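# Structural overview
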Amino acid sequence: TQLLEQSPQFLSIQEGENLTVYCNSSSVFSSLQWYRQEPGEGPVLLVTVVTGGEVKKLKRLTFQFGDARKDSSLHITAAQPGDTGLYLCAGVSNDYKLSFGAGTTVTVRA
Amino acid sequence: SQTIHQWPATLVQPVGSPLSLECTVEGTSNPNLYWYRQAAGRGLQLLFYSVGIGQISSEVPQNLSASRPQDRQFILSSKKLLLSDSGFYLCAWSDGTSLNQPQHFGDGTRLSIL
């Protein structure tokens, strides 16, 4: 059973456009993490959001954690080809385990 | 600084053969260790995790096993591989002293079963 639902599954946009990826769950997590993965490599952490309603910015990336700590979004402003990759959200449980979403494959065309 | 090494990077094995994938972590003590499997372009499925030497928790019933013979060594094994064991296997570690710490991943092993 997939605890975290990510949408959309695929996203292809032109350089300079904005995009949003969503991560939804019926479960409450102690925190939520976003990772980016490039082909043939392991995922790399982008951000951890802990507090309900929290908003974190990482250059052109904005991460939001829902008030109820069940959902999150990742917004990229003025996307660049270097943003291409598989974006994964993961919920952190109290036993230190991560539950990953199925991922969103983002392609930014030059 | 901490590093994680996973090998081999790619592996092609016949059905029914044994498997041993190794993962080692440097620069930290008593890490939590994890084995994941990832289908092509998809999310990660947790297979095993360990909070200490000799302590292994299995998340899903399967043809694989894991062992942690040393603090910073995590091994994924199988006695007889199945076609369905093909996939991308990732090892990861995290700081076990507090929640919300990131997991740090190795570069993975691409396993193909023929």
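Every value quoted in this text rests on a predicted model; they were computed, and no experiment measured them.

Counting 22 residues, the largest nonpolar core has A:L19, A:L32, A:W34, A:F63 and A:L74 as its most contacted members. Of all the secondary-structure elements, those providing two or more residues to this core are β2 (10-14), β3 (19-25), β4 (31-37), β5 (44-49), β7 (61-65), β8 (71-76), β9 (85-92) and β11 (104-109) of chain A. Excluding residues that lie within four positions of it along the chain, A:F63 makes contacts with A:W34, A:L46, A:V47, A:V49, A:E54, A:V55, A:K56, A:L58, A:S73 and A:L74. If you look at the next biggest cluster of nonpolar residues, it comprises 19 residues, including B:I4, B:W35, B:Y89 and B:L111.

Residues and elements named next belong to chain A. Taken in spatial order, the 5 strands make up an open sheet running β1-β3-β8-β7-β6, and their pairing is antiparallel. Each edge of the sheet is formed by a strand with only one pairing partner; in this case those strands are β1 (4-7) and β6 (55-58). Across the sheet, the mean angle from the axis of one strand to that of its neighbour is 15°, orientation sign disregarded. The pairing of β1 with β3 spans 4 bridges and is antiparallel. Across the sheet, residue L4 finds its bridge partner in β3, namely S25.

Looking now at the sheet that holds strand β8 (residues 73-78) of chain B. All names here are of chain B. Within the open sheet, the 4 strands sit side by side as β1-β3-β8-β7. Their pairing is antiparallel. Sheet topology places β1 (3-7) and β7 (65-70) at the edges, where each strand pairs with a single neighbour. On average, adjacent strands in this sheet sit at an angle of 20° to one another, irrespective of strand direction. As judged from the 5 bridges shared by β1 and strand β3 (residues 19-26), these two strands associate in the antiparallel manner. If you follow T3 over to β3, its bridge partner there is E26.

Before going further, it helps to spend a moment on the layout of surface pockets. A volume near 230 Å³ is recorded for the second largest pocket. Around the second largest pocket, the lining is made up of 16 residues, and of these A:Q37, A:E38, A:P39, A:L86 and B:G41 lie nearest the centre. Residue assignment for the lining of the second largest pocket shows that the elements contributing at least two residues are β9 and β11 of chain A. The class makeup of the residues in the lining of the second largest pocket is 6 nonpolar, 7 polar and 3 charged.

In this assembly, 24 residues from chain B lie in contact with 27 residues from chain A. With both chains or domains summed, chain B and chain A bury close to 1900 Å², and 54% of this area falls on carbon and sulfur atoms. Between the two partners, chain B and chain A, sit 1 salt bridge. Taking the shortest distance from any N to any O, the salt bridge between B:E59 and A:K97 comes out at 3.1 Å. The interface formed by chain B and chain A includes 6 residue pairs in polar contact (both at pLDDT 80 or more). Secondary-structure elements contributing two or more residues to the side of chain B that touches chain A are β4 (32-38), β5 (44-52) and β9 (87-94) of chain B. For the side of chain B that touches chain A, the element with the highest residue contribution is β4(B), accounting for 4 residues. Its residues assigned to classes, the side of chain B that touches chain A comprises 10 nonpolar, 11 polar and 3 charged.

Here we take up the pairing of β4(A). Residue and element names in this part refer to chain A. Burial runs high along β4: 6 of the 7 residues are buried. Pairing between β4 and β9: 7 bridges, direction antiparallel. Within β9, the position partnered with Q37 by the bridge is L86. In the sheet, β4 pairs with β5 via 5 bridges, with the strands oriented antiparallel. Pairing of Q33 across the sheet is with T48, part of β5. Counting the residues between successive antiparallel strands, the hairpin from β4 to β5 contains 6 residues, one of them, G40, with a positive phi of roughly 75°.

Quick notes on the rules
- Residues numbered from 1 in each chain as written.
- Chains lettered and ligands numbered in written order.
- Predicted model: local features only at pLDDT ≥ 70, side-chain atom pairs only at ≥ 80, totals over all residues.
- Heavy atoms only, no water.
- Core = buried A, V, L, I, M, F, W, Y, C linked by side-chain atoms within 4.5 Å.
- Buried < 20%, exposed > 50% of the residue type's maximum accessible area, 1.4 Å probe, protein only.
- Helix = DSSP H or I, 4+ residues; strand = E, 2+ residues; numbered from the N terminus.
- Contact = heavy atoms within 4.5 Å.
- Pairing = 2+ DSSP bridges.
- Axes fitted to C-alpha atoms, helices over the stretch in contact; angles between N-to-C directions.
- 1 Å grid on protein atoms, 1.4 Å probe; cavity = no way out; pocket = protein on both sides within 12 Å on 5 of 7 lines; lining within 4 Å.
- Points joined across faces, edges and corners; volume = space filled by probe spheres on them.
- Nonpolar A, V, L, I, M, F, W, Y, C, P; charged D, E, K, R; others polar.
- Buried area = accessible area lost by both parts, 1.4 Å probe.
- Salt bridge = Lys/Arg side-chain N within 4 Å of Asp/Glu carboxyl O.
- Polar contact = N/O pair within 3.5 Å; in protein donor to acceptor, adjacent residues only side chain to side chain.

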